[in-house]
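Coordinates in review
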Amino acid sequence: MKRENKAMATKTKMKKIGVLTSGGDAPGMNACIRAIVRSASSKRVEIVGIRRGYWGLINKDMIPLGEMRVSGILQRGGTFLDSERCEDIKTSEGIEKSIDVLKSSGIDDLIVIGGDGAFRAATKLAETGGVKVIGIPATIDNDVYGTDFSIGFDTAVNTALQAIDRIRDSAESLQMLFFVEVMGRSRGFIALAVGIAGGANEILIPETETNIGALSQRLEKRLSKGLKSALVVVAEGETPDGARSIAEKVGKKVNIEYRCVSLGHVQRGGAPTAKDRILASELGVAAVYELLEGQHGVMVGESGSTPTCTPLKDTWGKRKELDPHLLEMLHTLAV
Ligand code: F6P
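Only a predicted model underlies this, so the values are computations on that prediction, with no experimental measurement involved.

Comments concerning the overall build of the protein chain
- A tally of regular secondary structure across the protein chain gives twelve helices and eleven strands.
- Expressed as a percentage of the 335 residues in the protein chain, the buried residues total 49%.
- Once local pairs closer than 6 in sequence are excluded, the contacts in the protein chain between residues at least 24 apart make up 77%.
- Entry remark: accessible area of the protein chain is about 15600 Å², with carbon and sulfur atoms responsible for 50%.
- Side-chain charges in the protein chain split into 44 positive and 42 negative, and the spacing between the mean points of these groups amounts to 5 Å.

Structure below.
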């Protein structure tokens, strides 16, 4: 063998990790991608960005990510890799195609940033044994088991809170009852946090039963104590008919003018808070280091400021509970 050929043959192959963002975007996803790229780069590991989530994996839409390529994205909301809710990855053909693409691209490991939907597919990929996968929780809903906080939750709560503070100005000035619908497809984490921080009189969440008659009576009682206005925070997942349907029913029973506002996708965008940037950076670095240490098939997270690794199948298979103390506190503090 010629000397240069021999040198090439003995040169160790540089490790290559793929990264994708899947499902609804969450503020801090970009900070997380940056942390993955920069920490990998410091360990001489190559990062390949997979565009549009699992769609890009199946269709081999990839870009190399060097440390300079992720400059200037830390403070930006959304995900510069783009995302998608991909139906094809739910099929066995989609999983097989993904494994083939990863192999043919020389990608050894995969980091998936997203929520429960992203981790269901990540579990299937990991179970095939063809690829080592690590998940990073990023969803404003904060409903992923295995971590106290998901990337994006803090920003979404603060965004909703700003809107509620404004709404309160009008509610007070015109003595009105406001129903404010916040996101949370099937859980009440955002509603509970926003309810406490925004001083809501009531929160309606999928985790607890809502009785319209009793709710109306409680509101009447509160108003009779001298409250000028009232605020009810409604989680999107509370009713398939939306907060307006509840507002209309309650509105017929209480003696105060009411309005209903749905904050919608406003809560998903915007620059991440410092808390989300820090969490995203920590989890991005942790994912790379865990992979380099041979860990896989897990999601990295944080519990009481301690780093955790949770089996991917538990992240969506087990239910994350709302903190009962927070719920109790909200009821104690509401007059
Ligand atoms: O990102 C989570 C979430 O915001 C849910 O609360 C909500 O139901 C859903 O995404 C809506 O997202 P999309 O409009 O992208 O389907």
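Here we look at the nonpolar core
- Among the nonpolar cores identified, the biggest contains 59 residues, and I36, I111, I113, I136 and V233 are the most heavily contacted of them.
- Here this core spans two domains, since at least three of its residues come from each of domain 1 (2-152 + 272-317) and domain 2 (154-269).
- Leaving out residues up to four positions away in the same chain, I111 has contacts with I17, G18, V19, L20, I36, I134, I136, A287, V288 and L291.
- A118, A121, V144 and L312 belong to the second-largest nonpolar core, a separate cluster that totals 25 residues.

Topic: the site of the ligand
- The environment of the ligand is formed by R85, I140, D141, M183, G184, R185, E236, H265 and R268.
- G184 has a polar backbone atom sitting 3.1 Å from an oxygen atom of the ligand.
- A distance of 2.9 Å is found between an oxygen atom of the ligand and a side-chain nitrogen or oxygen belonging to E236.
- Bound to the protein, the ligand loses 76% of the 400 Å² it would expose on its own.
- Most atoms of the ligand, that is more than half of them, are within 2 Å of grid points of the largest pocket.
- Of the residues contributing to the shell around the ligand, the split by class is two nonpolar, two polar and five charged.
- Of the residues that make up the shell around the ligand, three or more belong to each of domain 1 (2-152 + 272-317) and domain 2 (154-269).

Comments concerning the sheet that holds strand 4 (residues 109-114)
- Read across the sheet, seven strands follow the order 3-2-1-4-5-10-11 without closing on themselves; strand pairing throughout is mixed. Strands with a single pairing partner mark the edges of an open sheet, and in this sheet they are strand 3 (62-65) and strand 11 (306-311). Between one strand axis and the next, the sheet turns by 30 degrees as a mean value, whatever way the strands run.
- Against the sheet, helix 10 (residues 274-292) engages strand 1 (16-21), strand 4, strand 5 (132-137), strand 10 (298-303) and strand 11, with an angle of about 165 degrees to strand 5.

Analysis parameters
- Residues numbered from 1 in each chain as written.
- Predicted model: local features only at pLDDT ≥ 70, side-chain atom pairs only at ≥ 80, totals over all residues.
- Heavy atoms only, no water.
- Helix = DSSP H or I, 4+ residues; strand = E, 2+ residues; numbered from the N terminus.
- Buried < 20%, exposed > 50% of the residue type's maximum accessible area, 1.4 Å probe, protein only.
- Contact = heavy atoms within 4.5 Å.
- Areas by Shrake-Rupley, 256 points an atom, 1.4 Å probe, with all protein chains shown as cover.
- Lys, Arg positive; Asp, Glu negative; His and termini not counted.
- Charge placed at Lys NZ, Arg CZ, Asp CG, Glu CD.
- Core = buried A, V, L, I, M, F, W, Y, C linked by side-chain atoms within 4.5 Å.
- Domains from an automatic or database assignment.
- Near = heavy atom within 4 Å.
- Polar contact = N/O pair within 3.5 Å; in protein donor to acceptor, adjacent residues only side chain to side chain.
- 1 Å grid on protein atoms, 1.4 Å probe; cavity = no way out; pocket = protein on both sides within 12 Å on 5 of 7 lines; lining within 4 Å.
- Sits in = over half its atoms within 2 Å of the grid points.
- Nonpolar A, V, L, I, M, F, W, Y, C, P; charged D, E, K, R; others polar.
- Pairing = 2+ DSSP bridges.
- Axes fitted to C-alpha atoms, helices over the stretch in contact; angles between N-to-C directions.

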